[in-house]
Amino acid sequence: MAKFQDIIGQEQIKEHLQNAIAAGKVSHAYIINGEKSSGKEFIAKVFAMALQCEKKEAEPCQECHSCKQALSDNHPDIIRVTHEKPNTISVDDIRAQVNNDVAIKPYSGSYKIYIINEAEKMTPQAQNAILKTLEEPPEYAVILLLTTNVNSLLPTILSRCVVLNMKPVADELVRKYLMEQLQVPDYKAEVCVAFARGNIGKAKALASSEDFENVKAEALSLLKYIKDMELSEIIAAIKRITEYKLEINDYLDICAIWYRDVLLFKATNDVNHLVFREEIQSLRKIAQRSSYEGIEKIIEALDTAKHRLDANVNFELTMELLMLTIQENG
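Along each chain, residues carry numbers from 1 onward, in the same order as the chain's sequence is written. Two thresholds apply to this predicted model, a pLDDT of at least 70 for residue-level local features and 80 or more for giving and counting side-chain atom pairs, whereas whole-chain, interface and lining totals are computed over all residues. The side-chain figures draw on all heavy atoms in the structure; neither hydrogens nor water molecules are used.

Once that is clear, we can look at the packing of helix α12 (residues 248-268) against helix α13 (residues 280-289). Fitted lines through C-alpha atoms give the axes, limited to the stretch in contact for helices. The angle between two N-to-C directions lies from 0 to 180 degrees. Only DSSP runs of H or I covering at least 4 residues are called helices, and only runs of E covering at least 2 are called strands; the numbering of each starts at the N terminus. Taken N-terminus to C-terminus, the directions of α12 and α13 make an angle of 70°; their axes are 9 Å apart at the nearest point. Taken together, the axis directions place α12 and α13 in an arrangement best described as roughly perpendicular. Where α12 crosses over α13, the two elements pack in a sense that is right-handed. From α12, W258, Y259, D261, V262, F265 and K266 reach across to α13, where they touch I280, S282, L283, R284, I286, A287 and Q288. Following the grouping adopted for this structure description, the nonpolar residues are Ala, Val, Leu, Ile, Met, Phe, Trp, Tyr, Cys and Pro, the charged ones are Asp, Glu, Lys and Arg, and the polar ones are all others, Gly among them. In terms of residue class, the contact of α12 with α13 is built from eight nonpolar, two polar and three charged. Under this scheme an angle from 65 to 115 degrees is roughly perpendicular, one under 35 degrees roughly parallel, and one over 145 degrees roughly antiparallel; angles in between are oblique. By definition, any crossing whose near helix is turned counterclockwise from its far helix by less than a right angle is left-handed, and any crossing with a clockwise turn is right-handed. By definition, residues are in contact when any of their heavy atoms lie within 4.5 Å.

See below:
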C-alpha cells in the first residue's frame, strides 16, 4: 500500500500536499529536502499516485487502473529520471527525459509527473536546463526534486519551487513502527532508534541488517575488553571493522552510544534510560572505574575521529589514535 496515512511523521508535508490536491492548487514544482533514506521517495510516490488517481481525492484509492500502475512503478505519466553516471545527473539526462518529453501531453493521467531523485547530483548545466522547464511549464507538468542538500540547487530553481523540508521522526513513532510493523524485539528496536536519529529508512535498514548486528557485537566486545588488550589485538579488531558493509560512522556511533550509556549510568545509577540495557554488568564496571573527565575525552575523541575520516585522514592511523584514547580513559 502507498497512502499518505502510511507516511510516518512528516505531518506538515502530508498536510501541505493533501491540501494542495483537495483545493486543486498543485504547484508545478516541489523540492523535498531530507536525509538519505528519510522517506522522500515514498512521499513522492504517494503524492504522484494521488495526483493521478481516477477518484480525484486527497488519498490515492489503490484500486483504480491508474493507482495499480503507480503501485507497480509503471505508470506512463509518472516518469522517474535516471542517470547512468553514479554521481552526476547530466544536462543530457535532463534534456532527454524532461525537456524533450514535457511537451508531449499525458498519456492517460491528468498530470505528467517527473520525479528526480538525488537532485543534488545535477550539474550546473543540468540545473539550467531544468530551469527552462520550470520557467514555462505546461499546465499538466509537475516536477518533484528530491534532494539531501537543498543548498546545492541554484537560487533561481529554489525560487520557482515549493520547498518541503523533512523533519526527524519522533523516537516513539520509529520504535512503534519497528516493533509493530516489522516485529523487531524491544531491546533491538531501542538500539536502532538511538542510531536512526529520526530517520525511518535508516532504522528499518539497521533492524534488518545482519552486518549491523555483527558490527554491534564486534564493537561491544572491543569496548568491554579494550583495557586488557595489546595494541596488536586492537589493530586486528580495527581490520575486522573494514570487512563489513557498514559505514564507519555507524561503528563510531555504536561506540558513542555505549559511552553515553556509561556516562548516564555513572551520573544517575538508573538502568531505565540506557540503550544497551542488556549489557548492564559491563556498563556498571566501566562507569565505576572511569572518571567523568575520561568519558568526556572518549566522546570527544569519537567526534574527532569522525571529522578526520570525513577529511580523508588515514583510516588505520585515525582508528589507532582513537582506540588508544579509549584504552587510556575507559
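As a further point, take the nonpolar core. Residues belong to one nonpolar core when they are buried, are Ala, Val, Leu, Ile, Met, Phe, Trp, Tyr or Cys, and are joined through side-chain atoms within 4.5 Å. Think of it in three bands: with a 1.4 Å probe and only protein chains considered, a residue is buried below 20% of the maximum accessible area for its type, exposed above 50%, and partly exposed in between. Counting 55 residues, the largest nonpolar core has L178, Y251, W258, Y259, M319 and M323 as its most contacted members. Counting residues per element, this core draws most heavily on α12, at 11 residues. Residues in contact with M319, not counting those within four places in the same chain, are I238, I241, I248, Y251, L252 and L309.

Moving on, we come to the packing of aromatic side chains. Pairing of aromatic rings covers Phe, Tyr and Trp, the last counted by its six-membered ring, and requires centre-to-centre distances within 6.5 Å; plane angles under 30 degrees mean stacked, over 60 mean edge-to-face, and any other angle means tilted. One pass over the structure, following the stated rule, counts three aromatic pairs. For the ring pair Y30 and F47, a centre distance of 5.3 Å and an interplane angle of 85° mean the geometry is edge-to-face. In this pair, Y30 is assigned in strand β1 (residues 29-33) and F47 in helix α2 (residues 40-52), connecting sequence segments 17 residues apart. Geometrically, the ring pair formed by W258 and F276 is tilted, given 5.8 Å between the ring centres and 50° between the ring planes.

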